[in-house]
Amino acid sequence: MFTEELLERVLVEPARTGADKLYIVSGYASATMASRHIEILIGLKKQVNIELIVGMCSNDGLSQKDHDGFQGLVATPRAGRFVCRYVAYN
């Protein structure tokens, strides 16, 4: 299990080594973190399609700010295609 340098080891290193698609499953996520990740990939000059699934929305909700931010990232591809889904059930 990775416990140090998670951003680098899990989200950036695959792009450095040639991955063109990254699937991310996270309990919690923010549009700010997703945007930061995309900016890092742009800096590396890497085109990586990202599919993010945010899992704890049913329990804790998702702020309107993050929802709007995710929509903006989906609508404006910058370093590949970005797709975001929420797990929402009762």
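Before reading further, recall that the structure is shown in the block above.
All figures in this text were calculated on a predicted structure; none of them were measured in a lab.

Draft legend 1. Geometry of the pattern of salt bridges. Applying the stated criterion to the full structure yields four salt bridges. Taking the shortest distance from any N to any O, the salt bridge between R16 and E8 comes out at 2.9 Å. Here R16 falls in the partly exposed class, since its relative accessible area comes to 41%. Among the salt bridges present, the one from K21 reaches E51, with a minimum N-O distance of 3.0 Å. Linking K21 in strand β1 (residues 21-26) with E51 in strand β2 (residues 49-54), this pair joins segments that are 30 residues apart in sequence. Overlapping salt bridges, with partners in common, bring together E8, E13 and R16 in one network.

Draft legend 2. Spatial organisation of the sheet that holds strand β3 (residues 82-86). Strand order in the open sheet formed by three strands is β1-β2-β3, and the pairing between neighbours is parallel. Looking at which strands have only one partner, the edges of the open sheet turn out to be β1 and β3. Ignoring which end each strand starts from, the neighbouring axes of this sheet average 10° apart. Seen against the sheet, helix α2 (residues 31-43) touches β1, β2 and β3 and runs at an angle of roughly 165° to β2.

Cut-offs applied
- Residues numbered from 1 in each chain as written.
- Predicted model: local features only at pLDDT ≥ 70, side-chain atom pairs only at ≥ 80, totals over all residues.
- Heavy atoms only, no water.
- Salt bridge = Lys/Arg side-chain N within 4 Å of Asp/Glu carboxyl O.
- Buried < 20%, exposed > 50% of the residue type's maximum accessible area, 1.4 Å probe, protein only.
- Helix = DSSP H or I, 4+ residues; strand = E, 2+ residues; numbered from the N terminus.
- Pairing = 2+ DSSP bridges.
- Axes fitted to C-alpha atoms, helices over the stretch in contact; angles between N-to-C directions.
- Contact = heavy atoms within 4.5 Å.

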